[in-house]
Structures are given as structure tokens and as C-alpha cells.
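Survey of secondary and tertiary structure
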Amino acid sequence: MKLPAIVHKFSSPKNFYIMSGKMIPWFMWSFLLSLFVGLYYGLFVAPPDYQQGESYRIMYIHVPAAWMSMFIYMIMAVSAAVGLIWRIKTADLMASVSAPIGAAFTFLALVTGSLWGKPMWGTYWVWDARLTSELILLFLYLGFIALQASIEDPRNAARAGAILLIVGVVNIPIIHYSVEWWSTLHQGATVAKFDKPSMHISMLIPLLVLATSFKLYYVASVLMRARGEILRREQNTRWVKEIVTGESS
Amino acid sequence: MSVSEFFHMGGYAFYVWSSYGLALVVLGWIMISPVFSKKAIIKELKIKYRQQERQHQEDV
């Protein structure tokens, strides 16, 4: 299947560089605004939990971070596949520059989960399915970063990375359904399920606001990373030379 | 709710504030680090282009 020429034109590194430069401030400001609203409602307005007291407020970091860890992985796998099939450079680029952000969210999900587990379960860590599969996700991110760094040619690096990412997708449903398939200390889904969410609206709203905020954060930061990386990868083109020597950013 | 009560977090202060603090540090770093790396790339490329320019003039 061939993509229309306009897709290739719009996804050219030069066009991407210019467009993303205009978009970053919008994402940045909406991220900051939603962050403050979400934190205000999460820390000051939402009532304490009837079982967990104030400790449940860790959820407002833990759950959005865990969602992001899977969301970014899927974005990377899809863009890497697009790059592999249609040879779109910016798709390969999006996969590479997303990796540190995804790894950071996975790390946060694991550590905040640990910090929540200690007071509630009495332990920082158990080798159950949810925690172990999330740890494997962190290793997939780190493996992808190491693999990309070890291959000099960007074309080959993208191809090898794409295969790793696509194979690793199998881990995503395992993470999601782990709490249903295996007995675990981890609680089941309270939001992403067919029945209505089993959480009071006053606790749910800050969670959804912060989840949106983390997505906006991802877009802003991935575009910033992509722009720097484009300059490096396209350094032998005339337009990059013009931007760099012309002092404009 | 008093200020000290808020920071006390019903006795879970260590767990709650470590989580929020760590998120701030990690996400802050992820957001700021590309600013530095982009500056470094621009600096590096400026030197490279200047050298190319010089090379070109010597050849002429």
C-alpha cells in the first residue's frame, strides 16, 4: 500500500521541525494549566479514602504514570511499524525520542507503586504478575535505548528497534489483564472497565485531569526532543545549516 | 485543614511526598534536558559548518 505524496511531504523532517516549534508552547501551557488544576483538586479538594486515608493520593501520580508507560509504548510500536513499512524518517524518530520519556514514566509507576505498597500491603515489592510485567516493560524500554545506541547507522538502528518494539507489544495486554488472570495483591481496574468506574466522582475527576495533563506533558516533551534530534540527524542538509548559522531556533 | 495537617498527610507524609517529589524531579529533568542537548548540538554544528567553510575557501 502506498501513502499519498502529501503524507510524505508533511512528515518531512523540515516540515516537522517548523510545525512542532509552533505547537510546543500550546502543549506546554495546557500541560501546566491542567497540572495545577489536577493537583489542586487531587491534594486539596478530594476527600481522604475511607480505607486508605491520605495515602491514596499517591494514586494521582501512580495511575497516570502507569497509563503513560503503556500508552507511550504503543505509540512507539505503532510509529516504529509505520517507519518500517513506509520508510518515514520522522516515524522512526518519534519512536527513538519517546523511549526515555516512556522509561521515566515506567520507573515512576514502579517506584510510586512501591511507596504506596509499603503502607498498604506491608511490603515494597512482591513478584506478582502486575509488578513483574511492569518491570519487564521497563527492561523493554532500556533494551530499546541500548539497542539503538549500539547501532551506528540510523536506518539499521530503526529497523532493529522496530522489531524489538513490535515483539514487546505482547507484554501490554499481559500488564493490563494481569490483575484478572492471576491472583495478586494489586487491586483490579477501577476506571478502565466496561462497568462504570467504581470510584467517587470527587476522586475520579482529579485523576482524569492529571492523566490528561501527563499526555500533554508527553507531547510537549517528545516534540522538544524530536527537534534537537532532527538537527543532529539532518545536519548535512541545507535547511539545517541555514537554521543553525542563521541563529534562529 | 491546617498547613501542618496537610503536610502530615494523615501519617503517610513520607510515602506521599516521596512520590510527588520523585515525579517532580524525574519529569522535570526529562522536560529540561532536551533544551541543553539542543543547545549543545547547535554549538557543535556551528563549529562543524565553520570548519567546512574554511576548508572550502582554502580549496578555492
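Please refer to the structure higher up on the page.
First, a word on scope: everything that follows refers to the structure included in this document. (Residues numbered from 1 in each chain as written. Chains lettered and ligands numbered in written order. Predicted model: local features only at pLDDT ≥ 70, side-chain atom pairs only at ≥ 80, totals over all residues. Heavy atoms only, no water.)

**A short note on the interface of chain B and chain A**
In many analyses, interface size is given as the accessible surface area lost on bringing the parts together. Across the contact, 30 residues belong to chain B and 44 residues belong to chain A. When the area that chain B buries against chain A is broken down by residue, the three leading residues are Tyr20(B), Met31(B) and Tyr49(B), summing to 21%. Here chain B is connected to chain A by one salt bridge. Ionic pairing is found between Glu53(B) and Lys241(A), a salt bridge with its closest N-O pair at 3.7 Å. Among the elements that make up the side of chain B that touches chain A, the one with the highest residue count is helix α2 (residues 13–59) of chain B (25 residues). Partitioned by chemical class, the residues of the side of chain B that touches chain A number 21 nonpolar, five polar and four charged. (Contact = heavy atoms within 4.5 Å. Buried area = accessible area lost by both parts, 1.4 Å probe. Salt bridge = Lys/Arg side-chain N within 4 Å of Asp/Glu carboxyl O. Helix = DSSP H or I, 4+ residues; strand = E, 2+ residues; numbered from the N terminus. Nonpolar A, V, L, I, M, F, W, Y, C, P; charged D, E, K, R; others polar.)

**Some thoughts on the packing of helix α8 (residues 201–233) of chain A against α2(B)**
Their axes nearest at 9 Å, the elements α8(A) and α2(B) cross at an angle of 15°. Considering the angle they form, α8(A) stands roughly parallel to α2(B). Relative to α2(B), the crossing made by α8(A) is left-handed. Contacts between α8(A) and α2(B) pair Phe214(A), Tyr217(A), Ala220(A), Ser221(A), Met224(A), Arg225(A), Arg227(A), Gly228(A), Leu231(A) and Arg232(A) from the former with Leu27(B), Ile30(B), Met31(B), Ser33(B), Pro34(B), Val35(B), Lys38(B), Ile41(B), Ile42(B) and Leu45(B) from the latter. Of the residues contributing to the contact of α8(A) with α2(B), the split by class is 13 nonpolar, three polar and four charged. (Axes fitted to C-alpha atoms, helices over the stretch in contact; angles between N-to-C directions. Parallel < 35°, antiparallel > 145°, perpendicular 65-115°, else oblique. Left-handed = near helix turned anticlockwise from the far one by under 90°.)

**Digging into the layout of surface pockets**
All names here are of chain A. Space inside the largest pocket adds up to approximately 870 Å³. Taken together, 38 residues line the largest pocket, and the ones lying closest to its centre are His62, Val63, Trp116, His186 and Gln187. Broken down by secondary-structure element, the contributors of at least two residues to the lining of the largest pocket are α3 (59–86), α4 (89–121), α5 (129–150), α7 (171–181) and α8. Among the elements that line the lining of the largest pocket, the one with the most residues is α4, at eight residues. Of the residues that constitute the lining of the largest pocket, the class distribution is 23 nonpolar, twelve polar and three charged. Roughly 560 Å³ of volume is contained in the second largest pocket. If you go around the second largest pocket, you meet 24 residues; those closest to its centre are Ser96, Gln148, Glu229, Arg232 and Arg233. Counting residues per element, the lining of the second largest pocket draws most heavily on α8, at six residues. (1 Å grid on protein atoms, 1.4 Å probe; cavity = no way out; pocket = protein on both sides within 12 Å on 5 of 7 lines; lining within 4 Å. Points joined across faces, edges and corners; volume = space filled by probe spheres on them.)

**A word on the side chain of Gln52(A)**
With respect to the helices and strands, Gln52(A) occurs in the loop between α2 (13–45) and α3. Given the relative accessible area of 17%, Gln52(A) is considered buried. The contact partners of Gln52(A), leaving out residues within four places of it in the chain, are Trp116(A), Met120(A), Gln187(A) and Tyr12(B). (Buried < 20%, exposed > 50% of the residue type's maximum accessible area, 1.4 Å probe, protein only.)

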